[in-house]
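# Geometric and topological summary
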Amino acid sequence: MDHKEASSMSSSDSSAIAGRRMSTLARHLKVSTMESSEYEGVSVFPSITSGFNANSAFAHLVQAPEDPILGVTVAYNKDPSPVKLNLGVGAYRTEVSFLMPHYLVIRPHISYAFPNNNLTFKNHFSSNFWSRVKEYLPITGLAEFNKLSAKLMFGADSPAIRENRVTTVQCLSGTGSLRVGGEFLARHHHQKTIYIPLPTWGNHPKIFTLSGLSVKTYRYYDPATRGLNFQGLIEDLNSAPAGAIVLLHACAHNPTGVDPTLEQWEKIRQLIRSRGLLPFFDSAYQGFASGSLDADAQAVRMFVADGGECLLAQSYAKNMGLYGERVGALSIVCKTADVASKVESQLKLVIRPMYSNPPLHGASIVATILRDRSMFNEWSGELKAMADRIITMRKKLFDALRTKGTPGDWSHIIKQIGMFTFTGLNKEQVAFMTKEYHIYMTSDGRISMAGLSLKTIPHLADAIHAAVTRIS
């Protein structure tokens, strides 16, 4: 049948063909049933498992432990207690519910028609959002998203962008960006060792080890002061071999909430450049630390401004609330435009066999908001309000502990910054709070300040007070 015949086929012809196919299928099923009945008690067709041993090929496996962060939520979900509180995962909440920042921006442009769950985008979104066909993106992702992401972090007037020395590829949130960057470095960087802060996000050592890099640590947090061990940091990086990669948290260090000052950042920059080290920034909280997108990018911009090379992993999970969309980007700032072009070509070779190309939906949301000045300003305002609210939660918790006379100095709660606070609670105290107060957090005592509310702070303060006074 040629194209003209196919296009002119009537709906009745299509229905007739479909009907004949169904009749043929029905006859086949009927014959098969009749044939099988003639051999009742005889196995005509072999069992689907008859060719295999009784034991599973995977019977030797042991039960793997839950992820130390995501496993907290698993345990929380199993707890029937009405007062349970999940402070493990970094997800922003208001006084009443879970809240995604990008929803606040998009909300005026959306109407929900229930019960049919029809989602209709209005105004800006009607012409620019759903008009996209759902074809595969290029290996490097949505070009507009990449361009706007680099601009958001490096600045609109960045010489590196203007000189085409930045290559940016869309990746699967921050985790995927780190993994792609790690594998690229394992293939093409002469030094295969990466230094990560101690402590750091629990996924960092796994990501870089599986990427093919050797992972070492540098001192970062001082448990005695619950602040930055700047002297230890400088000493460790100064002894790192030339060319070693150094992972740096762009802002709102996870899990400690402790960031260097700008003066300290400048000394770190000078040391890294003088030693020929390669900085790799992880930016998961731009806008969440200070409430300012530009202020939270200052450390990264200091390194880019000196003309040196660096890597950056970006995530929009937190600052746009796109947790489940897995939207992120990897940017590599190079010495020249020619090198940047070659880097991009090699990044494609890393990405293609890994996940082929990234998803479209979340990147389209980000690009739409970053492109539209009105939406961008609204989103920036919401970020500021959210950062301010987290700061308020810190003050409220500190005040509650001080009012109770809880032993110890808790000023680090208001000195630390971002979504998390490193409380200083030990594993036994954390276990006590979970068992007796149904409060869930990571075993190192990290709590998500973004998950607190005015209603839950008294409960948390009671738990901390009890844990500190009863468990040493």
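A brief look at the structure comes next. Because the structure is a prediction, the values reported are computed rather than measured.

Thresholds applied
- Residues numbered from 1 in each chain as written.
- Predicted model: local features only at pLDDT ≥ 70, side-chain atom pairs only at ≥ 80, totals over all residues.
- Heavy atoms only, no water.
- Buried < 20%, exposed > 50% of the residue type's maximum accessible area, 1.4 Å probe, protein only.
- Helix = DSSP H or I, 4+ residues; strand = E, 2+ residues; numbered from the N terminus.
- Pairing = 2+ DSSP bridges.
- Axes fitted to C-alpha atoms, helices over the stretch in contact; angles between N-to-C directions.
- Contact = heavy atoms within 4.5 Å.
- Arc of directions from axis to C-beta.
- 1 Å grid on protein atoms, 1.4 Å probe; cavity = no way out; pocket = protein on both sides within 12 Å on 5 of 7 lines; lining within 4 Å.
- Points joined across faces, edges and corners; volume = space filled by probe spheres on them.
- Nonpolar A, V, L, I, M, F, W, Y, C, P; charged D, E, K, R; others polar.

### With respect to the pairing of strand E12 (residues 327-333)
Of all seven residues in E12, seven are buried, a share of seventy percent or more. Side chains Val327, Ala329, Ser331 and Val333 project from E12 onto one buried face, and the interleaved Gly328, Leu330 and Ile332 project onto a second face that is buried too. Relative to E12, strand E4 (residues 166-172) is paired through seven bridges, and the arrangement is antiparallel. Residue pairing in the sheet places Thr168 in a bridge with Ser331 of E12. Bridge analysis of strand E11 (residues 310-315) against E12 gives six bridges, and the strand direction is antiparallel.

### Overview of the sheet that holds strand E6 (residues 214-219)
Taken together, seven strands build an open sheet; the order of strands is E4-E12-E11-E10-E9-E5-E6 and the sheet is mixed. At either margin of the open sheet sits one strand with a lone partner, and together these are E4 and E6. Neighbour-to-neighbour, the strand axes of the sheet open up by a mean angle of 25°, direction not taken into account. Two elements, strand E5 (residues 193-198) and strand E9 (residues 245-249), share two bridges in a ladder whose sense is parallel. Residue Ile194 lies in a different strand from E9, and its bridge partner there is Ile245. Strands E6 and E9 of the sheet are contacted by helix H10 (residues 230-238), whose axis makes an angle of about 145° with E6.

### A look at H10
All of the buried residues along H10 are Phe230, Gly232, Leu233, Asp236 and Leu237. Each buried residue of H10 sits inside an arc of 160° when the element is viewed along its axis, so together they form one side. Residues of H10 that are buried sit in contact with E6, strand E8 (227-228), E9 and helix H11 (262-274).

### Considerations on the layout of surface pockets
Quantified by volume, the largest pocket comes out at close to 560 Å³. Around the largest pocket sit 29 residues that line it, and Thr175, Trp201, Tyr285, Lys318 and Arg326 are the ones nearest its centre. Sorting the residues of the lining of the largest pocket by element identifies helix H8 (173-188) and helix H9 (204-211) as the ones contributing at least two each. The dominant element in the lining of the largest pocket, judged by the number of residues it contributes, is H8, at four residues. Its residues placed into classes, the lining of the largest pocket shows 13 nonpolar, 10 polar and six charged. As for the second largest pocket, its lining consists of 25 residues, of which Val258, Asp259, Pro260, Lys415 and Ile417 are closest to the centre. Residue assignment for the lining of the second largest pocket shows that the elements contributing at least two residues are H11, helix H12 (298-305) and helix H16 (412-415). Looking at the lining of the second largest pocket residue by residue, the classes come out as 11 nonpolar, nine polar and five charged.

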